[in-house]
Every structure is written in C-alpha cells, then in structure tokens.
Amino acid sequence: MSRIYLDKKWLFSETFKEEYIASAITDGEVVNVPHTVKETSFNYFDEHDYQMISCYQKNIKYDRAWAGKDLYLVFEAVGHQADVYINGEHKKCHKNGYNAFSIDVTNLLSEGDNLVTVKCNSNENINQPPFGYVIDYMTYGGIYRDVYLEVKEPVHIISCFYQPSPLAPNTNKKSRKEIERLTVAGTLKTEYKVSEEAKDAIKKNEVVVRQYLNDKPILELPLDSQLETTVPLSEVKLWDVESPTLYTVKTELVYNGNVVDTNEETIGFREIAFKSEGFFLNGRRLIIRGLNRHQSYPYVGYAMPESMQREDAKILKNELGVNTVRTSHYSQSKYFMDECDKLGLLVVTEFPGWQHIGDADWKHIACKNVKEMIKEFRNHPSIILWGVRINESQDDEEFYKRTNKIAHHYDPTRPTGGTKAGEKMQTFEDVYAYNDFIHSGANVGCHKKKDVVPKDKPDMPYLVTEYNGHMFPTKNFDTEEHRRDHMLRHARVMNDTYGEPGLAGSIGWCMFDYNTHKDFGSGDRICYHGVCDMFRNLKMAASVYASESDDIDVLELASTMDVGEHPACNRGRTYILSNMDSVKMYKNDKLLKEYKSSDSEYTNLKHGPILMDAFVVLEDIIKGEGYSKEQALAVMKVLDYAALNGWDDLINFKFAKLAAPLVLKYHMDPGYAIPLFQRYVGDWGGESAEYKLEGYKNGKLVKTQIVGTVKEVGLETKVSSNLLVEDITYDVAEVRIKAVDQYGNLVPFFQESVVALVEGPIELIGPEIIPLRGGMCGLYVKTKGEGGKAKVTLKANNVNKPVTIDFEVVKK
C-alpha cells in the first residue's frame with residue numbers, strides 16, 4: 001500500500017455553486033490543507049462568520065501505475081457535513097466533522113485529470129451532532145485535517161485491530177527505572193478486515209500472514225476465514241505513564257508468494273482497569289490527574305498541522321505535568337493521539353456532542369460517530385475510556401443502550417463512560433463519569449462518591465471529568481487575588497478528589513481558554529476557563545498541576561509582593577507553588593523561613609500550595625527599633641499575623657493574645673503598630689524589598705527565584721521549534737511571548753503591543769501587532785512552500801531591546 005498526500009493546492013471558494021460540481025471554481029483562491037473556511041480575529045467576532053456552505057476543489061492526475069489497483073480517497077476530517085463529488089458524480093455525504101472517512105474511487109478515476117469537489121457545510125443548524133441547540137465552543141469549518149489517496153493491491157488489508165495483552169505484575173511499588181527494565185510475557189491478538197478479493201483468496205488457502213514486532217518475526221501462517229490470529233510473546237516491556245514503551249507491529253499479506261499489502265501500527269502492552277477502588281494501570285492504583293482539551297487555536301480554529309497537534313500533548317505532559325487528557329467534546333487529531341502514546345499521556349475520548357440530543361436521524365448519525373471514532377483510534381494504547389454519552393445530556397435509555405453496545409462490539413478491550421451533569425442518573429456505561437461543579441471557593445472540592453453513583457450500583461467505578469471552569473473564569477489580566485483564588489480552587493478540588501475513596505481521579509476544565517458563542521464567555525467570544533491562555537501561556541493555576549509532577553522543577557512565588565495591588569495595601573494570603581523538598585525564603589538576603597512540602601494545608605497532594613506566613617526579619621526589628629530579641633520576636637509575630645490576615649481581622653482572641661504582652665509588658669502604644677507594619681511589611685520609606693526563594697531537592701539547590709521591584713522590562717519567548725519542515729503540507733511554529741522583569745518574572749500588567757517583523761520564507765498567522773494581555777501573548781509562523789533561513793523580530797514600547805528568533809525552513 002502506498003499513500004499519496006493531497007494537502008497542497010486546493011481551490012477554495014466561500015460560496016458553493018451547483019456548476020462547481022463538474023467545473024472549476026472561478027472565484028476562488030489556492031489554499032493548503034489544513035484549512036479553515038474563515039480566519040477570525042482573536043476575539044469579538046461573530047460565530048456566523050465561519051458558518052457557510054463553501055467549496056473545495058482539486059484535480060487528481062491519473063497515474064498509469066494505478067491500473068489494476070484499488071484506490072481510496074481519505075479525508076481525515078471535514079467540518080462539518082461533506083458532500084464529495086468525483087468528476088461531477090456525488091459519491092459521499094459524510095455527517096461527522098471530527099472523524100475520518102474514505103471513498104472507494106477505484107472505478108471513478110480515469111486517464112487525465114479527475115475533478116474532486118467537496119461541498120463543505122459548516123453551518124450550525126444542520127441536523128447532526130453536535131448541533132441542535134447552544135454549544136459552549138466554536139465549531140469552525142473546513143478541510144482541517146490531511147487528505148490522501150491510498151493505492152492498494154486488490155488483495156489487501158482494510159484494517160487491523162491489535163489487542164496486545166501483557167501478563168502485568170503489580171507495579172505499585174516499582175520505580176520508573178524498574179518499570180523501564182521490567183519485561184513480562186504477553187499475547188498479541190489481531191482481528192483483520194480485508195478486501196473481498198482477499199476473502200476469496202483466503203478461502204482457497206492462498207494467503208499467508210506474516211507479523212513482525214519491532215522488525216522481529218513473530219508470526220507466519222496461512223490466514224483462515226476466522227480472520228484472527230493470536231501470538232504468544234515471552235518478553236515484552238510495559239507501556240506506562242512512567243515509561244511508555246511502544247512497539248511497531250507490521251503485518252504483511254502474502255499472496256502467490258508476493259507481499260501484496262502491509263499494515264503498520266504503533267501499539268503498547270498495558271493493562272487498564274476501572275474498579276470500585278479507582279483506576280489501575282499495570283496492576284497499580286494510579287490517580288487520574290488531567291485537563292480537558294479543545295482542538296482550537298487563535299485565528300484559524302481547528303486548522304493546524306501535525307507539529308501544533310503534537311505540541312499541545314507535549315505542553316500537557318512536560319509543562320503542566322498531568323497524566324491524562326480528555327478530548328472534549330469530540331475525537332481529535334491522530335497526531336495528537338500519537339504524541340499521547342509516545343509521551344505516556346492517558347486519553348479519555350468521546351464522540352461529538354454537547355448537552356443536546358436530537359431526533360431519530362440525529363441519533364442514527366451519533367451512533368455511526370461512535371463506530372467511526374472507535375475504529376479510527378482503537379489501536380492507541382493511550383486511550384483508556386470511550387465516551388459514548390453526549391456530554392451533560394439528559395437520560396435516553398434506548399439511545400445510550402445502543403451507543404454502549406456499539407462501543408463494546410467494536411472494542412471489547414476498553415470500558416465505556418459518559419459524562420453526566422447530574423447525580424444518580426441512568427447508567428449503561430462501565431464508568432460513572434461526572435462533571436462536578438460543587439466547589440465555589442469556600443466549600444468542599446467534590447461530592448462524595450456515594451452521593452453521585454446510582455443507589456443500585458454503589459461500587460461502580462467513578463471519574464470526575466470536569467471541575468472549576470465556568471465557576472471562576474480567570475484572565476491573565478485579572479487582579480492578583482483573582483488569579484490566586486483561581487489557583488486555589490484547582491488545588492482544593494485536586495486535593496479533595498485525591499482524598500475521596502473510590503474516585504478514579506479528576507480532569508479539570510480546562511487546558512486553555514477558547515473562543516465560544518455569544519451565549520457563553522465574557523462577551524468577547526472567549527471562555528477564560530483555562531489554566532493557560534489561548535496561546536498556551538501558563539496561568540498561575542498551571543503550577544498546581546505541574547507541582548504534582550516529579551519531572552518538572554517548579555518554584556513560584558504566587559505574588560509580585562507589591563502591596564498597592566491589594567485592597568487596603570494588605571497582601572493577605574500569599575502562596576509558594578513548588579515541588580521542592582524544601583524552599584528557603586529570604587528577604588534582602590536574610591532568611592525569613594524554610595518551608596517544607598508538609599507545610600501545605602492541601603495534605604492529599606504531594607506538593608500542594610504552601611501558605612507564606614513569615615514576612616518580617618527578626619534582625620531588622622532588633623536593629624531598626626533597638627528592641628531586645630524577646631520584644632522583637634513578639635512584635636514579629638504580631639506583624640506576621642497582621643500581614644497574613646489584614647488589619648480588619650485583628651479584633652479576635654488570637655490577635656489579642658499575641659498583642660497583649662507588647663502592651664502589658666513593654667508598654668507599647670497600640671497606635672505604633674501601623675508605622676511598624678508599614679516599615680517592616682509594607683517596606684515604606686526604606687530599601688525596595690527583594691525576596692529570594694531557593695528550592696532544594698535531595699539537599700541540592702536546583703532552582704532560584706527572585707522577586708523585587710521592576711526596574712526594566714524585556715520580552716521572553718518560548719518557541720515550539722526553530723526548525724520548520726515543509727513536507728506533505730505547511731509547517732507551523734508557535735511562539736509564546738511574555739513581558740518579564742530583570743529577574744525573569746512575568747510583568748502581569750504590562751499591556752503594550754508586540755510588533756512582529758517577519759523575514760524569509762515564512763508568514764504570520766494573524767496580525768503583526770499583538771497586544772500583551774496580562775503581560776502575555778503569542779504568535780504563529782507558517783511556511784510558504786520554500787526552504788531557507790527566516791527570522792522574526794519582536795519589538796514593543798518600553799521594552800529594553802528587540803528579540804530576534806531565527807528559523808530554518810527545510811523543504812522536502
């Protein structure tokens with residue numbers, strides 16, 4: 001089998017005309033796939049902008065080498081209803097904007113040019129999922145994933161469903177290195193779907209199947225009519241979140257002594273189980289810690305190539321430190337899934353939909369969507385759960401019995417789930433998946449399991465699939481208190497879900513902010529629900545997730561320590577976010593306190609936020625006021641208490657107990673407390689305070705942060721890749737931009753605009769002037785079909801110097 005990619009040089013028109021079915025577009029432009037029907041502004045655009053019936057066209061020139069072959073035209077996704085015409089004949093109507101479909105064009109292509117026309121309906125009033133009522137995300141439109149032609153022999157494989165099964169030991173107390181070295185016995189079961197010509201040859205015992213695991217032969221035998229093989233394996237390594245060992249399995253069909261077709265997939269040997277006690281991977285309990293992900297990007301919606309899809313998986317694993325992602329609320333790119341396999345990132349995926357269930361025709365399409373989703377992605381070891389219930393929909397017994405039956409038929413190896421918005425709802429799935437929005441800031445972080453799962457199924461596996469999100473939208477440019485409270489809400493829910501018996505874990509809403517409809521968001525067509533912004537810049541809350549990972553060094557003081565940012569100049573509760581064993585905190589190079597992970601009130605987390613409760617250096621009071629050590633210590637306790645709780649909270653027994661000795665024993669005037677607070681906590685009139693945090697692991701200093709008065713501002717960039725490869729289609733690099741001070745800390749209220757100047761064979765996606773929002777923004781650069789050197793220069797007012805980013809573009 002050979003694959004010919006057809007991503008480049010399509011003709012596109014925003015208007016579909018009947019004459020375009022059989023003749024060339026006359027009012028279009030040349031575009032490359034992935035493509036969006038309408039580029040948008042960053043915010044404040046109308047969701048009707050991308051709702052249209054548009055047209056794509058491409059000529060496929062027939063190659064005489066295809067004579068006698070079977071030909072299949074494959075679209076990996078067209079949003080949202082695609083009518084495909086070949087040489088003027090209607091050959092396919094596909095009503096699913098999130099999964100691949102193919103057309104047998106063996107007898108449709110002839111000598112010369114063959115016109116492929118795609119009528120693309122991206123309106124949101126069509127009778128198919130997820131449409132029918134309001135939707136809390138933009139759905140965009142276009143041919144936004146790859147298109148290719150598969151050329152096969154008549155005797156060929158249509159698909160292989162590989163079912164690797166290890167005899168997994170309990171890895172509960174094993175280290176990462178032990179898991180990496182561990183080998184176990186296992187089996188590899190394969191179910192084949194083959195062409196009719198292959199079935200005829202199999203009946204005549206004319207087909208042999210060969211199988212290789214990482215190029216090592218493991219099977220060679222005649223393929224019988226059962227279309228199934230099982231191979232015992234004496235030694236395989238486990239796929240695990242700690243050590244995601246992958247194998248390439250290659251299956252060959254041999255007919256008349258010749259290899260006529262080959263199927264290659266990447267697989268992993270792992271054992272998953274959702275039980276009453278929680279989720280188990282390879283025999284050990286693993287708490288699911290995840291985030292939900294939409295597949296959208298600024299300006300171009302869903303239309304981003306392979307590199308950007310993989311980059312999101314890398315951010316989730318390597319920067320946010322989660323072990324799970326939910327692909328809300330639809331199937332996502334194969335490249336994203338491939339990268340999850342590679343990184344050891346667990347996936348909960350689901351068919352398209354949001355709250356609404358339509359009529360009988362709508363349900364029929366939804367059931368087809370379940371089948372398409374599972375058949376497309378079931379070989380991915382990262383997938384642990386199929387979502388077969390429309391997100392947050394009402395009960396529908398007949399419909400959900402069907403979706404579960406379809407899922408178990410096409411994949412008996414994985415459980416089903418279905419995200420519910422209510423407790424004790426009708427359940428046909430294997431796992432009760434629930435969006436738990438009980439936490440509102442000062443209460444518990446999650447429901448009790450017994451209050452959620454059905455009464456007649458108290459031992460049913462249970463997973464929280466969303467929390468927070470709309471309960472506390474948070475922008476980069478919100479006040480420090482607001483951003484801090486957003487962070488604490490994520491910490492509280494994580495802490496309480498970790499401590500809830502029988503809960504498999506929780507998946508937060510959500511990875512990043514996203515464009516949404518007028519019915520949702522902040523009026524600017526953005527839902528600010530993410531722990532990152534739309535450019536994937538990390539917000540404060542992101543560090544709560546990263547701190548739970550052992551693979552990322554996290555050390556962040558969650559404050560600029562500027563008293564004027566806070567009501568009544570009272571900083572209040574300030575937190576250290578870190579996964580260090582200990583953190584030493586200094587003020588003007590004098591030790592305030594050494595904090596340990598055990599100091600966190602979030603006791604179910606390995607490294608929860610630590611409340612800063614030391615603000616005053618004892619020696620400063622002794623030197624500045626001439627007090628004895630005993631008196632200075634008493635003053636320090638009062639000032640630390642006031643710094644933490646504010647002056648309005650001082651009329652209580654605890655404060656009175658702290659302050660009484662100062663009045664009774666040292667005859668201090670209570671009115672002097674305010675000047676002392678201003679001098680030693682607010683730092684009025686003295687040197688600018690500089691705070692230094694030193695993070696230690698295993699007794700070694702591994703990270704330092706300094707927080708002080710901003711004296712200069714620069715631009716800091718994080719580039720997804722400086723190497724761009726123009727291959728089957730264009731390539732894109734993401735540049736995340738932050739305004740930082742002289743210490744490298746975010747300057748959250750720096751709101752100047754960044755001007756991006758581009759040179760060489762690249763172009764910008766979106767505008768060249770990008771405002772910093774909360775001190776952060778981003779941009780995307782895209783190849784133009786040529787190779788060579790390129791660069792982007794970033795400038796902004798009141799920034800110390802421009803930043804230049806060099807790229808190399810390779811054209812294959």
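Up top is the structure these notes are about.
Residues numbered from 1 in each chain as written. Predicted model: local features only at pLDDT ≥ 70, side-chain atom pairs only at ≥ 80, totals over all residues. Heavy atoms only, no water.

For this particular structure, what's the right way to read a positive patch on the surface?
On the surface, Lys95, Lys193, Lys368, Lys371 and Lys375 cluster together into a patch of positive charge. If you tally residues by element for the positive patch, the top one is helix 5 (residues 360–377), at three residues. Along the chain, the position of Lys371 falls in helix 5. Since its relative accessible area comes to 34%, Lys371 is described here as partly exposed. (Patch = residues over 30% accessible without salt bridge, like charges linked within 9 Å, V, L, I, M, F, W, Y side chains within 5 Å. Areas by Shrake-Rupley, 256 points an atom, 1.4 Å probe, with all protein chains shown as cover. Salt bridge = Lys/Arg side-chain N within 4 Å of Asp/Glu carboxyl O. Lys, Arg positive; Asp, Glu negative; His and termini not counted. Charge placed at Lys NZ, Arg CZ, Asp CG, Glu CD. Helix = DSSP H or I, 4+ residues; strand = E, 2+ residues; numbered from the N terminus. Buried < 20%, exposed > 50% of the residue type's maximum accessible area, 1.4 Å probe, protein only.)

Sorry, what's going on with the pattern of salt bridges here?
Side chains that carry opposite charge are capable of pairing whenever their charged atoms lie near each other. The tally for this structure, following the rule as stated, stands at 52 salt bridges. The closest approach of N and O atoms between Lys152 and Glu150, which form a salt bridge, is 3.8 Å. Its relative accessible area of 11% is what places Glu150 among the buried residues. Here Asp496 makes a salt bridge to Arg492, at a shortest N to O gap of 3.5 Å. Here Asp496 pairs with Arg492, and both are found in helix 7 (residues 480–499), just four residues apart, close to one helical turn.

Even after reading the chapter, I still don't get the sheet that holds strand 1 (residues 2–5), so can you show me in this structure?
With antiparallel pairing, the four strands of this open sheet are ordered in space as 1-12-5-9. If you trace the sheet from one side to the other, it starts and ends with strand 1 and strand 9 (101–104), each paired once. Between one strand and the next, the sheet's axes are offset by a mean angle of 25°, whatever the strand orientation. Pairing of strand 1 with strand 12 (residues 147–152), which is carried by four bridges, proceeds in the antiparallel orientation. Looking at strand 12, one finds that Ile4 is bridged to Leu149. (Pairing = 2+ DSSP bridges. Axes fitted to C-alpha atoms, helices over the stretch in contact; angles between N-to-C directions.)

Even after reading the chapter, I still don't get the packing of helix 5 against helix 6 (residues 397–410), so can you show me in this structure?
The description of two helices packed together rests on the angle between their axes and the distance between the axes. Contact geometry for helix 5 and helix 6: axes closest at 9 Å, N-to-C directions at 20°. Judged on the interaxial angle alone, helix 6 and helix 5 are roughly parallel. Every pair of crossing elements has a handedness; the one defined by helix 5 and helix 6 is right-handed. On helix 6, the residues touching Trp362, Lys363, His364, Ala366, Cys367, Val370, Lys371, Ile374 and Lys375 of helix 5 are Phe399, Arg402, Thr403, Ile406, Ala407 and Tyr410. For the contact of helix 5 with helix 6, the residue count by class is nine nonpolar, two polar and four charged. (Parallel < 35°, antiparallel > 145°, perpendicular 65-115°, else oblique. Left-handed = near helix turned anticlockwise from the far one by under 90°. Contact = heavy atoms within 4.5 Å. Nonpolar A, V, L, I, M, F, W, Y, C, P; charged D, E, K, R; others polar.)

Please clarify how helix 4 (residues 334–343) should be interpreted in this entry.
Each full turn of the α-helix corresponds to 3.6 residues, which orients residues three or four apart in the same direction. When you tally the buried positions in helix 4, you get eight out of ten residues, the bulk of the element. Taken residue by residue, helix 4 has Lys334, Tyr335, Phe336, Met337, Glu339, Cys340, Asp341 and Leu343 as its buried positions. One side-chain oxygen at the N-terminal end of helix 4 lies 3.0 Å from the backbone nitrogen of Tyr335; it belongs to Ser333. (Polar contact = N/O pair within 3.5 Å; in protein donor to acceptor, adjacent residues only side chain to side chain.)

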